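So you can see what is in the structure, the chains are spelled out below.
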Amino acid sequence: MYISSISQYMNNRLDLFEELIEYLQSGIYELNKLYNVTCIGIYNHGKSTLLNALVNSLDDSIFATSDKRETTESKAYQYGDILWTDTPGLNATKGDDNVTMKEVRKSHLNLFAHNLSTGGLNQQERKFLQEIARIWDNPKQFLDNTIFVLNNFGGQDENAIKDVEREITSQIQTIFGAEAKVDMLVVSAKNYQKGKQDNKQMLIKQSNIKQLYTMIQGKKEQFSKDDIMSRRLMKKLDIEIDKRKKELEECESDIKKIDRELINEISKANNKIKSYRQGEI
Ligand SMILES: Nc1nc2c(ncn2[C@@H]2O[C@H](COP(=O)(O)OP(=O)(O)O)[C@@H](O)[C@H]2O)c(=O)[nH]1
Ligand SMILES: [Mg+2]
């Protein structure tokens with residue numbers, strides 16, 4: 001009984017270390033993984049078209065676009081050294097929101113696509129941001145890693161654009177705090193695609209897609225500098241190691257218990273032998 005307990009203890013110990021090694025390996029995988037840019041937003045606000053423009057898919061062939069609800073699952077596509085991910089529209093269904101939330105958790109940078117001609121953020125968009133502000137460990141970090149992309153479908157005039165920008169900034173600050181810094185850019189993905197197809201430099205320039213691309217690259221470089229992922233990983237590792245330590249301490253206390261039981265057994269056996277010698281048995 002004693003020997004088998006010891007071997008069980010050793011096996012437990014080995015299992016724990018194996019788990020820890022697996023965990024470290026998954027961490028290394030995470031560090032090596034591509035920079036992930038995820039596009040989120042309400043259905044039909046131009047998410048897929050925006051991603052097509054960013055990956056130079058001028059005929060919308062990479063990310064499905066349509067007036068129908070087209071994207072019901074996420075789709076990821078590598079272009080350059082970035083993994084671009086399209087998500088289902090917010091609040092099309094509850095399941096879609098969960099898919100999107102999972103993608104946002106994995107992503108390094110979010111593009112929050114919003115159709116400018118609808119005015120400020122609607123209730124569904126605010127609800128999604130409120131949920132993030134409620135459940136995120138560090139909601140400010142979400143904002144640092146998010147660009148609000150206002151899709152200018154209808155060529156709104158400058159004053160109307162300024163009004164919407166102000167309204168959205170104030171809506172975001174209501175949710176994330178008055179000090180919250182909001183990265184925002186007005187773009188026209190369709191104009192970019194048209195400009196590229198017809199070689200119209202003015203359309204390309206005014207579409208702001210290149211500025212958005214530069215902003216994304218800037219965020220990416222900042223990310224490598226800060227090495228957020230490795231800091232996140234170190235924090236996770238600390239927690240994991242603490243957990244393992246606790247489990248090992250429990251094993252140790254089990255071993256001590258077995259020790260005490262063994263000593264007890266030995267002294268019982270000793271007493272029996274003594275009694276035997278004294279002719280009591
Ligand atoms: N005029 C115009 N239409 C756009 C623009 N971006 C998207 N659309 C159209 O809006 C509709 C929805 O776009 P889509 O990218 O599928 O939106 P998603 O549901 O958010 O992915 C499609 O018919 C697009 O052609 C744009 O910049 N300008
Ligand atoms: Mg779509």
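Since the model is a prediction, treat every value here as computed from it, not as a measurement.

**Details of the overall build of the protein chain**
Part 1: Helix and strand counts for the protein chain stand at 10 helices and 6 strands.
Part 2: Each principal axis of the C-alpha atoms in the protein chain carries an extent, and together these give about 110 × 35 × 35 Å.
Part 3: When burial is assessed residue by residue, the protein chain has 40% of its 281 residues classed as buried.
Part 4: Counted over contacts in the protein chain with a minimum sequence separation of 6, partners at least 24 positions apart contribute 71%.
Part 5: Within the structure as shown, the protein chain displays about 16800 Å² of accessible surface, and the carbon and sulfur contribution to it stands at 50%.
Part 6: Between the centroid of the 41 positive side chains of the protein chain and the centroid of its 42 negative side chains there is a distance of 1 Å.

**Digging into the UniProt feature "coiled-coil region" (unreviewed entry) in the protein chain**
Part 1: Under the feature "coiled-coil region" (unreviewed entry), the UniProt entry names residues 234-268.
Part 2: In this annotation, residues 234-268 is assigned 100% helix and 0% strand; the end-to-end C-alpha distance for the span is 51 Å.

**Digging into the pattern of salt bridges**
Part 1: Under the defined criterion, the tally for this structure stands at 10 salt bridges.
Part 2: Note that Asp-81 and Lys-220 form a salt bridge whose closest N and O atoms lie 3.0 Å from each other. Note that Asp-81 is positioned in the loop between strand S2 (75-79) and strand S3 (82-86) and Lys-220 in helix H9 (residues 209-226), a separation of 139 residues in sequence.
Part 3: Note on Lys-220: relative accessible area 16%, which makes it buried.
Part 4: Linking Arg-166 and Asp-163 is a salt bridge whose minimum nitrogen-to-oxygen distance equals 3.1 Å. Highlighted residues: Arg-166 and Asp-163, both in helix H6 (residues 158-176), separated by 3 residues, approximately one helical turn.
Part 5: The class of Asp-163 is partly exposed, set by a relative accessible area of 45%.
Part 6: Through salt bridges with shared partners, one network takes in Lys-181, Asp-183 and Lys-219.

**Re the packing of helix H2 (residues 47-54) against helix H7 (residues 189-198)**
Part 1: Direction vectors running N to C along H2 and H7 enclose 35 degrees, while the axes themselves pass 9 Å from each other. Taken as a pair, H2 and H7 cross one another with a handedness that is left-handed. Here H2 contributes Thr-49, Leu-50, Asn-52 and Ala-53 to the contact with H7, which in turn contributes Ala-189, Lys-190, Tyr-192 and Gln-193.
Part 2: Class assignment for the residues of the contact of H2 with H7 results in 4 nonpolar, 3 polar and 1 charged.

**Structural notes on the packing of aromatic side chains**
Part 1: Evaluation of the coordinates by the stated rule reveals 6 aromatic pairs.
Part 2: Here the aromatic rings of Trp-136 and Phe-142 are separated by 6.0 Å at their centres, their planes lie at 75 degrees, and the arrangement is edge-to-face. Judged on exposure class, the residue Trp-136 and its partner Phe-142 are both buried.
Part 3: Chaining the aromatic ring pairs together yields one cluster made of Trp-136, Phe-142 and Phe-176.
Part 4: The ring of Trp-136 has Arg-105 lying over it, and the distance from NZ or CZ to the ring centre is 4.5 Å.

**A look at the sheet that holds strand S6 (residues 183-187)**
Part 1: Taken in spatial order, the 6 strands line up as S2-S3-S1-S4-S5-S6 in an open sheet, and their pairing is mixed. Only two strands of the sheet have a single partner each, and these edge strands are S2 and S6. Sheet twist, expressed as the average angle between the axes of neighbouring strands with direction ignored, equals 25 degrees.
Part 2: Pairing of strand S5 (residues 146-151) with S6 involves 5 bridges; the strand directions are parallel. Each bridged residue has a counterpart across the sheet, and for Phe-148 the counterpart in S6 is Met-184.
Part 3: Where H2 meets the sheet, its contacts fall on strand S1 (35-41), S2, S3, strand S4 (109-115), S5 and S6, and the angle it forms with S3 comes to roughly 160 degrees.

**Concerning unusual backbone geometry**
Part 1: Even without a glycine there, the phi angle at Asn-56 is positive, about 65 degrees.
Part 2: With respect to the secondary-structure elements, Asn-56 resides in the loop between H2 and S2.
Part 3: Phi is positive for Asn-199, close to 55 degrees, though the residue is something other than glycine.
Part 4: Here Asn-199 shows up in the loop between H7 and helix H8 (201-207).
Part 5: Judged by relative accessible area, which is 57%, Asn-199 ranks as exposed.

**Concerning the side chain of Asn-152**
Part 1: By secondary structure assignment, the location of Asn-152 is in the loop between S5 and H6.
Part 2: Apart from residues lying up to four places away in sequence, Asn-152 is in contact with Leu-116, Ile-161, Val-186, Val-187 and Ser-188.

**A look at the pairing of S4**
Part 1: Taking burial as the measure, the 7 residues of S4 include 7 buried ones, the bulk of the element.
Part 2: Where S1 lies against S4, 5 bridges are found, and the strand directions are parallel. Residue pairing in the sheet places Cys-39 in a bridge with Leu-111 of S4.

Conventions we followed
- Residues numbered from 1 in each chain as written.
- Chains lettered and ligands numbered in written order.
- Predicted model: local features only at pLDDT ≥ 70, side-chain atom pairs only at ≥ 80, totals over all residues.
- Heavy atoms only, no water.
- Helix = DSSP H or I, 4+ residues; strand = E, 2+ residues; numbered from the N terminus.
- Buried < 20%, exposed > 50% of the residue type's maximum accessible area, 1.4 Å probe, protein only.
- Contact = heavy atoms within 4.5 Å.
- Areas by Shrake-Rupley, 256 points an atom, 1.4 Å probe, with all protein chains shown as cover.
- Lys, Arg positive; Asp, Glu negative; His and termini not counted.
- Charge placed at Lys NZ, Arg CZ, Asp CG, Glu CD.
- UniProt positions renumbered as here; feature names shortened; annotations may be inferred.
- Salt bridge = Lys/Arg side-chain N within 4 Å of Asp/Glu carboxyl O.
- Axes fitted to C-alpha atoms, helices over the stretch in contact; angles between N-to-C directions.
- Left-handed = near helix turned anticlockwise from the far one by under 90°.
- Nonpolar A, V, L, I, M, F, W, Y, C, P; charged D, E, K, R; others polar.
- Phe/Tyr/Trp six-rings, centres within 6.5 Å; stacked < 30°, edge-to-face > 60°.
- Lys NZ or Arg CZ within 6 Å of the ring centre and 35° of its normal.
- Pairing = 2+ DSSP bridges.

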